[in-house]
Amino acid sequence: MLAVEMKHIYKSFGPVKANHDVNFDLEQGEIHALLGENGAGKTTLMRILYGLYKADMGEIFINGEKVAIHSPKEAIAAGVGMVTQHFTLVPPLTVAENVVLGYTNGVVLSQREIEKNVAAASEKFGILVNPSALVKDLSVGERQRVEILKALYRNARILIMDEPTAVLVPQEVDVLFESLLRLVKSGLSVIFISHKLIEVMAVSDRITVLRDGKVANTVKKSETNQVELAKMMVGRETFGVRLLDACETSEPIYELSGVTLDGKHGKKVLDDVSFCVSRGEILGIAGVSGNGQGELTEVITGLVTPTKGSIKIEGRDITHLAPGQLSDAGIGRTPQDRHEGTIGDLSVAENLALEHIKDYTQKGLLDRKKIRDDATTIIKEFQIKASPGDQLRKLSGGNMQKVVLARALSRKPKVLIASQPTRGLDVGATEYVRNRLLEERARGTAIVLLSEDLDEVLALSDRIAVIYEGRIMGVVPSAEATPEKIGLLMAGAVQH
Amino acid sequence: MWTRALIPVAAVLATFVITSIFIILAGANPFEAYYNFIIVPLSSKFSALEVLVKATPLIFTGLAVTFAFAAGYYNIGAEGQLYAGAVAAAWVGATFTNLPAIVVVPLMLVLGFAAGMLWALLPAFLKVKLKVDEVVTTLLMNSIIMYFISALLNGPWRDPETGWPKSPEFFEAARFVQLIPKSRLHLGFVIALILVVIVFIVIKRTPFGLQMRAAGASKAGALFAGINVNRTMLIAALVSGGIAGLAGVSEIAGIHYHLISELSGGYGYTGIIVATLGGLNPIGVSVAAMFIGLIDTGAQTVSRVLGVPVYLGDVVQSTLLLVTLSMLLLQNYRIKRI
């Protein structure tokens, strides 16, 4: 008898077909991986099973019985538990309190009794937690164990794990996999959502690959391999990608070597990032959101000091310089979020002057004429629709981005950090910004372009470095780059 | 932008309408009440000068609050910093008996400023180093200094002649000169006005002021521009404390000539109202301080003439603050018909 059977599931969000005629089944006591790129419909399918979404069409059977699940509460009653990437724990409460929360009968809550119950459950399922510890003191991996225990405590026989490894450090991943394998032996059935081929191959019995909302294939692990799965994921042949050396470029003037940044709980958010950029070259950094681009921007714009590694411009070490000093060293910096890199309440002119306030000071007072005059010049040059005295927050996104760009470019930098330069802009403004970047490139500026827009990276870059989980997966010459190749690197499917 | 300038006027009008309800409940005619509130105090020279006397400490505390708020530091502790300045002044005024005014007065101002800074130091330090919410800590420091002063006045500083809990009287040289004979208007008012100009220049015309406003308006943006936000905030917090300390110096050396525990009628807290009404602009602060001074003076008149409680003045002030804050919030929205 199948633990779960989902037949002909359809689900649309407006014009987007998130699930289209999806068939999926889970056997008793197996780990079944749902593999696919971001947006392939994995999470949607599981949210339908867990009662968070309602399918437009289709049938669900649990243990052979047809069910209609309208809410997580009904899913739990049917023996389905789900652990998401974003934990639903209450940090100031203890582990035991979190586990029993919403699942207690009666009025009186005996701290000792629930701790005893939770300790017993912890032992029974082999998931080690300290019932009396406060959740806020736990590491991410420990919190995840609490989430799993919470589901099991509610008698879940079917456990959905949504990208469980995304938040874990490697050692924690190992511990998680051990627990899952043990639990499956005792009869639990697990659905494991992931886009990481290595993990899927490591832990699952069967694999269902979703692509664009449809099932590409369901295969046994023993009968497949990573390359075949990658092919199913992106739907094409995965021809070999020629990778360049990170510093294989003509005249490097800007160089990162071994830049590493420790995040919370010891997970490295940037891991040994190295690359070079030459004069008159655009190095695009592509990556799925949350893979370290944001942190990389913070490091190279001077907001955060890396744990290890060095950053050099023309051989000069600038790793430890403050943001203002970086500008003086020839780095033009733009923020990844124009609203957070500017002061909305101050005027356009003040925003333009703020970074180089010393140049606008005379006898201890602000040289307001120079601030205004320089702003007028810049506004004209960059075709910004605003006057110097306008409050920056009143500007449109495109004009605000021009201010941000103008602030960096007006200093004639040798290196420009362009982070998400066209995010949220309309077509006209996007065009303007991209042309401006190409002009700078022609002028001889070395440009680091960080963007989540893959088309933008492909259109502008000379070389493309792909970042995945804080590591540079490879550098590809743009002439040979296609969305598919880059996509595979971005999904971590190809190891170098 | 024009709406921004209109807010104080609209707020005052709305406050009059709202508080009329309370005036009617107290059994008086609102028009008569407001005539006594606003017009009567200004119609005699003596009471008009008294309005300025009342406004003097409020200019100081309003500026103090403005300075901190502009940098994004919510200093609720001007009251305590005022008392710290007053303690320093009380010590100077009763100790250096043989120094001339030209030396004693500046000495009082410097030490009063320093004492205010000192009292602001701990919360500011906790904020910058440990991110402890300054609203709570600055407020708590106000209670602490009241106990400290009570201990001082009941202990070493108890008046040796009368036994009252008040510090020894100031010597003549330490007393601020009266600006106009037979009025209580004193040197403190002039110092307050000079400070208005200085604070205006610092906030609006110096590089530090710009960085301070940047840090106050957007911490992330300021960090990106390379501003040391913590240092800026720390300096703003300390200067704010110093200015509040001057309020204490001014009150004790201009009016009382000795330290008592009722020195301030909540000027530190009213300073928050003044700063808000004044739109965190030093010029606006001085106008707002005079307006609040007027209401304070007027409340006495209204109470005397119409027999309504003198607390009506507090009600008007509080209502005015709430109305102004609501308007500042609401000006970010537009009513749209769809």
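Note that the structure is predicted; figures quoted are calculated from it, not measured.

1. Some details on the side chain of A:N98
Here A:N98 shows up in helix α3 (residues 95-100). The residues contacting A:N98, other than those within four sequence positions of it, are A:L89, A:V90, A:L93, A:V135 and A:K150.

2. A short note on unusual backbone geometry
All names here are of chain A. Positive phi, close to 50°, is recorded for N63, a residue that is not glycine. Along the chain, N63 falls in the loop between β4 (57-62) and β5 (65-67). Phi is positive for Q420, which is not a glycine, with a value near 45°. Examined against the element boundaries, Q420 turns out to sit in the loop between β19 (415-419) and α14 (427-443).

3. Remarks on the sheet that holds β5(A)
Residue and element names in this part refer to chain A. Read across the sheet, 4 strands follow the order β2-β1-β4-β5 without closing on themselves; strand pairing throughout is antiparallel. Of all strands in the sheet, those bounded by a partner on one side alone are β2 (16-27) and β5. Across the sheet, the mean angle from the axis of one strand to that of its neighbour is 25°, orientation sign disregarded. Pairing of strand β1 (residues 2-13) with β2 involves 8 bridges; the strand directions are antiparallel. Counterpart to K11 in the pairing with β2 is N19. Sheet contacts for helix α1 (residues 42-49): β1, β2 and β4; angle to β1, the most-contacted strand, approximately 115°.

4. Focus: the environment of A:K66
Residue and element names in this part refer to chain A. Structurally, K66 can be placed in strand β5. Residue classification places K66 among the exposed positions, given a relative accessible area of 54%. In this structure the C-alpha to C-alpha distance between K66 and R112, which are 46 residues apart in sequence, comes to 40 Å. In contact with K66, other than residues within four places in its own chain, are E59, I60 and F61. A polar side-chain atom of K66 sits 3.2 Å from a polar atom in the side chain of E59.

5. Examining the pairing of β1(A)
Residue and element names in this part refer to chain A. Here β1 folds back onto β2 in antiparallel fashion, the turn holding 2 residues, of which G14 has a positive phi close to 60°. As paired elements, β1 and β4 share 5 bridges and run antiparallel to each other. Of the residues in β4, the one forming a bridge with V4 is I62.

6. Considerations on helix α13 (residues 397-409) of chain A
The terminal C-alpha atoms of α13(A) lie 18 Å apart, and with 13 residues this matches the ideal 18 Å at 1.5 Å per residue to within 8%. Among all positions of α13(A), only A:G398, A:N399, A:M400, A:Q401, A:K402, A:V403, A:V404, A:L405, A:A406, A:R407, A:A408 and A:L409 are buried. Its buried side turned inward, α13(A) meets β16 (331-333), α11 (348-354), α12 (368-381), β19 and α14 of chain A together with α9 (219-224) of chain B.

7. Some details on the nonpolar core
A general feature of soluble globular proteins is that nonpolar side chains tend to end up buried together. Within the largest apolar cluster, 76 residues are counted, with the highest numbers of intra-cluster contacts made by B:L63, B:M108, B:F170, B:L259 and B:L263. Among the elements that line this core, the one with the most residues is helix α3 (residues 45-70) of chain B, at 13 residues. The residues touching B:F170, leaving out its near neighbours within four places in the chain, are B:A89, B:A90, B:G93, B:M108, B:R175, B:I252, B:A253, B:Y257 and B:H258. Among the nonpolar cores identified, the runner-up in size contains 51 residues, and A:I114, A:V146, A:V203 and A:V219 belong to it.

8. What about the domain arrangement of chain A?
All names here are of chain A. Parsing chain A into structural domains produces domain 1 (2-234) and domain 2 (252-490). Look at where the C-alpha atoms of domain 1 and domain 2 centre, and you get two points 39 Å apart. Here domain 1 packs against domain 2, burying approximately 740 Å² in sum over the two surfaces, 60% of which is carbon and sulfur. When the buried surface of domain 1 facing domain 2 is broken down by residue, V169, K196 and V234 rank first, second and third, together holding 42% of it. One can count 0 residue pairs in polar contact (both at pLDDT 80 or more) joining domain 1 with domain 2. For the side of domain 1 that touches domain 2, the residue count by class is 8 nonpolar, 4 polar and 2 charged.

9. Observations regarding empty space enclosed by the protein
Residue and element names in this part refer to chain A. Going through the model one piece at a time under the given rule, you end up with 4 cavities of 30 Å³ or more. In this structure, the largest cavity spans a volume of roughly 70 Å³. Breaking the lining of the largest cavity down by element, the ones donating at least two residues are α5 (140-153) and α6 (170-185).

10. Re a nonpolar patch on the surface
Together, B:V17, B:I18, B:I21, B:F22 and B:L25 make up a nonpolar patch on the protein surface, roughly 500 Å² of accessible area in all. Take B:I21: it is sitting in helix α1 (residues 2-25).

11. A look at the packing of helix α7 (residues 187-205) of chain B against helix α12 (residues 282-306) of chain B
Residues and elements named next belong to chain B. Between α7 and α12, the least distance of the axes is 8 Å, while the angle of their chain directions is 150°. Judged by the angle between their axes, α7 and α12 are roughly antiparallel. Only P282, I283, S286 and M290 of α12 make contact with α7, whose side of the interface consists of F189, V196, V199 and F200. Looking at the contact of α7 with α12 residue by residue, the class counts come to 7 nonpolar, 1 polar and no charged.

12. A look at the interface of chain A and chain B
Across the contact, 24 residues belong to chain A and 20 residues belong to chain B. Taken over both partners, the interface formed by chain A and chain B buries close to 1,800 Å², and the fraction arising from carbon and sulfur atoms is 70%. Contact with chain B buries surface across chain A, with A:I343, A:L354 and A:L366 losing the most and accounting together for 27% of the total. There are 1 salt bridge connecting chain A and chain B. The partner of A:E350 in a salt bridge is B:R213, with the nearest N and O atoms 3.3 Å apart. Summed over the shared surface of chain A and chain B, the number is 5 residue pairs in polar contact (both at pLDDT 80 or more). Breaking the side of chain A that touches chain B down by element, the ones donating at least two residues are α10 (323-328), α11 and β18 (365-366) of chain A. When the residues that make up the side of chain A that touches chain B are grouped by side-chain class, the tally is 9 nonpolar, 7 polar and 8 charged.

13. What about the packing of α7(B) against helix α8 (residues 207-217) of chain B?
Residues and elements named next belong to chain B. Two elements in contact, α7 and α8, have axes whose closest approach is 5 Å; the angle formed by their N-to-C orientations is 70°. With respect to α8, the element α7 is oriented roughly perpendicular. In contact with V202, I203, K204 and R205 of α7, α8 contributes P207, G209, L210, M212 and R213. In the contact of α7 with α8, the residues fall into 5 nonpolar, 1 polar and 3 charged.

14. Quick word on the confidence of the model for chain A
Per-chain confidence: chain A averages 88 in pLDDT, with 95% of residues scoring 70 or above. Helix α16 (residues 483-490) of chain A is the least confidently modelled element of chain A, averaging 73 in pLDDT, while β19(A) averages 95, the highest of any element.

Conventions and cut-offs
- Residues numbered from 1 in each chain as written.
- Chains lettered and ligands numbered in written order.
- Predicted model: local features only at pLDDT ≥ 70, side-chain atom pairs only at ≥ 80, totals over all residues.
- Heavy atoms only, no water.
- Helix = DSSP H or I, 4+ residues; strand = E, 2+ residues; numbered from the N terminus.
- Contact = heavy atoms within 4.5 Å.
- Pairing = 2+ DSSP bridges.
- Axes fitted to C-alpha atoms, helices over the stretch in contact; angles between N-to-C directions.
- Buried < 20%, exposed > 50% of the residue type's maximum accessible area, 1.4 Å probe, protein only.
- Polar contact = N/O pair within 3.5 Å; in protein donor to acceptor, adjacent residues only side chain to side chain.
- Expected span 1.5 Å × (residues − 1).
- Core = buried A, V, L, I, M, F, W, Y, C linked by side-chain atoms within 4.5 Å.
- Domains from an automatic or database assignment.
- Buried area = accessible area lost by both parts, 1.4 Å probe.
- Nonpolar A, V, L, I, M, F, W, Y, C, P; charged D, E, K, R; others polar.
- 1 Å grid on protein atoms, 1.4 Å probe; cavity = no way out; pocket = protein on both sides within 12 Å on 5 of 7 lines; lining within 4 Å.
- Points joined across faces, edges and corners; volume = space filled by probe spheres on them.
- Patch = residues over 30% accessible without salt bridge, like charges linked within 9 Å, V, L, I, M, F, W, Y side chains within 5 Å.
- Areas by Shrake-Rupley, 256 points an atom, 1.4 Å probe, with all protein chains shown as cover.
- Salt bridge = Lys/Arg side-chain N within 4 Å of Asp/Glu carboxyl O.
- Parallel < 35°, antiparallel > 145°, perpendicular 65-115°, else oblique.
- pLDDT = per-residue confidence, 0-100.

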